[in-house]
Structure formats: C-alpha cells, structure tokens
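One-letter residues, chain by chain:
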Amino acid sequence: MNSIYKVYGTKYDYNTLVELINGYMESHLKDSRIVHTKGVVYAALGLCMLYGGDKDKAKIAALCHDIAKYVPDEKANRYVKRLGLPDYYMNNNNLVHSKIACEIMKEEWGITDEEILNAVSYHTTGRAGMSKLEKIIYLADASEPGRYYPGVDIIRADLEESLDKGCISSLERTIEYLTEEGKFIDPDTLRAVEYLKNEEI
Ligand code: DGI
Ligand code: FE
Ligand code: FE
C-alpha cells in the first residue's frame, strides 16, 4: 500500500507506520530477532498469496509480533497486573510478550485494528476460532526460513496443504515439546488444537 491515508486507527500513513515500527525494532531488539522478524514478514506475505490474506495487515502484524520480546520480567509483570491477565503469565515473557506487544502497538502508534492486534496477541499460543490472519501470523512465526527445530519441515509441508493442517501440526508439536520438557501449557494452545480438530470432522 502506498497512500497518504491514515491507517488502522493511527495518525500515520502506511509507509510512515512501517518506518516507525522498523525504528522501534532497531532500538529494542537484537539483530537476530530483527532477522527472525524479517523472515516472519516474508513467510506471512507468502501465506497471504497462497491463501488470500490481507498483505498490508499481515506485514504490520508480522513486524510487531515480537517487539516486546526483551521486556524484563519486572516490567512484564506490571503489564500482567494492569491488564488483569492470569497468574501463569507472571515471570513468563515467553508467553506474555505477545500480549505486551499489543499494548505497545496501541501506546506507541495508536493501532486499533482488532484483526492485527489479535494476530499479534495469539501468535505464541493460537486460540480457539482463529481468524485467517491469526493463522497466517501464527504459522509464519513457526515456519519462517530462519527457523530450525525438529519437525519444522513437517509443519512447512502441512501448511502448504491448508492453514488448518499447518496450525494443527504446529500446535501438536508445541504441546508435545512442552510436555516432554515438563512445562506449563497455555490453555489457549490446548483449546486451539481441540477447536481445529472438531472442525475437521
Ligand atoms: O517469540 P518466538 O521465539 O519467535 O516464538 P513464540 O512467540 O511462538 O514462542 C515463544 C516461546 O514460548 C517458545 O519458546 C515456545 C514457548 N511457548 C509456546 N506455547 C507455550 C510456550 N511456553 C509455555 N510455557 N506454554 C505454552 O503454551
Ligand atoms: Fe513471539
Ligand atoms: Fe517470533
């Protein structure tokens, strides 16, 4: 998009918004996280082409998805309290960075678009009844070209068959991994897979 019009509730046009987010990333993220983010933009745009998603929204969501990745626990915990989030988000920025990113998007740029905010908010866990954009960002994060972990190739193959197949594959792998590690599983992750499997029947 190349326009003079303000977008997504902000006082900025699209190109200015992208520049501002890039600037924020430069000062708040490590280089490796910026490389990952670029990979997520690339993967998300590819999924939009394959499945007919909104590329402009996908790019903003992808750029913003990990902007809160390095918020220290003390500050993250203040967000947890202020937002009234469940206790399992305390001292767990692995989970809560997605929620904090939405707050930063609102505070810094005035983004109000619910589709974009939800895609960022659920990029780590997924949830029951995900929108197309939520699935695209969830899968782009899990499968961008720089991601290497056991099973990533299965997820890449599955997401080419359908968004739902890709999501089930990635959610199940996460549940398996977290179970093996003895880690807490976010109820949204469990509900997301249950919902998609019931829909499949
Ligand atoms: O931020 P990224 O590293 O790009 O990826 P992410 O936001 O998908 O996941 C961040 C971390 O959170 C990753 O190490 C896996 C972990 N995670 C995902 N779902 C859950 C989870 N951790 C817990 N404890 N519970 C979950 O349900
Ligand atoms: Fe993340
Ligand atoms: Fe990420």
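In case you missed it, the structure is sitting above this.
Rules behind the numbers
- Residues numbered from 1 in each chain as written.
- Chains lettered and ligands numbered in written order.
- Predicted model: local features only at pLDDT ≥ 70, side-chain atom pairs only at ≥ 80, totals over all residues.
- Heavy atoms only, no water.
- Salt bridge = Lys/Arg side-chain N within 4 Å of Asp/Glu carboxyl O.
- Buried < 20%, exposed > 50% of the residue type's maximum accessible area, 1.4 Å probe, protein only.
- Helix = DSSP H or I, 4+ residues; strand = E, 2+ residues; numbered from the N terminus.
- Donors = N, O, S within 2.8 Å, 3.2 Å for Na, K, Ca; no water.
- Near = heavy atom within 4 Å.
- Polar contact = N/O pair within 3.5 Å; in protein donor to acceptor, adjacent residues only side chain to side chain.
- Nonpolar A, V, L, I, M, F, W, Y, C, P; charged D, E, K, R; others polar.
- Axes fitted to C-alpha atoms, helices over the stretch in contact; angles between N-to-C directions.
- Left-handed = near helix turned anticlockwise from the far one by under 90°.
- Contact = heavy atoms within 4.5 Å.

**Student:** I tried to follow the pattern of salt bridges on my own but got confused; where do I start?
**Tutor:** As a working rule, side chains carrying opposite charge can pair if their charged atoms are close by. Scanning all chains against the criterion turns up 14 salt bridges. Between Lys165 and Glu161 there is a salt bridge, with its nearest N and O atoms 3.1 Å apart. Exposure remark for Glu161: the relative accessible area of 54% places this residue in the exposed category. Here Lys197 makes a salt bridge to Glu172, at a shortest N to O gap of 2.5 Å. Pair noted here: Lys197 is in helix 10 (residues 187-200) and Glu172 is in helix 9 (residues 163-181), with a separation of 25 residues, a long-range link. Relative accessible area serves as the criterion here: at 36%, Lys197 is assigned to the partly exposed category.

**Student:** Just checking my understanding: could you explain the coordination of the iron ion (ligand 3) for this structure?
**Tutor:** Six octahedrally arranged donors around a metal ideally form angles of 90 or 180 degrees; four tetrahedrally arranged donors ideally form angles of 109.5 degrees. For the iron ion (ligand 3), the full set of protein donor atoms is His36 (NE2), His65 (NE2), Asp66 (OD) and Asp141 (OD), and the range of their distances to it is 2.2 Å. Written as a sequence motif, the donor arrangement for the iron ion (ligand 3) is H-x28-H-D-x74-D. Here Asp66 falls in the buried class, since its relative accessible area comes to 3%.

**Student:** Please explain the site of ligand 1 as it appears in this structure.
**Tutor:** In the vicinity of ligand 1, 17 residues are found, and the nearest of them are Lys69, Thr124, Arg147, Phe184 and Asp186. One of the side-chain nitrogen or oxygen atoms of His36 is found 3.1 Å away from an oxygen atom of ligand 1. Elements represented by at least two residues in the shell around ligand 1 include exactly helix 2 (31-51), helix 5 (93-109) and helix 9. Ranked by residues supplied to the shell around ligand 1, first place goes to helix 5 with 3 residues. Of the residues belonging to the shell around ligand 1, the class tally is 4 nonpolar, 7 polar and 6 charged.

**Student:** In this structure, what is going on with the packing of helix 3 (residues 55-64) against helix 6 (residues 114-121)? I would like to understand it.
**Tutor:** When two helices pack together, you describe them by how their axes are tilted relative to each other and by the distance separating the axes. It is at 9 Å that the axes of helix 3 and helix 6 come closest, and there the two elements cross at 40 degrees. Once helix 3 is placed against helix 6, the crossing between them reads as right-handed. For the pair formed by helix 3 and helix 6, the contact residues are Lys57, Ile60, Ala61 and Cys64 on the first element and Glu115, Ile116, Ala119 and Val120 on the second. Class assignment for the residues of the contact of helix 3 with helix 6 results in 6 nonpolar, no polar and 2 charged.

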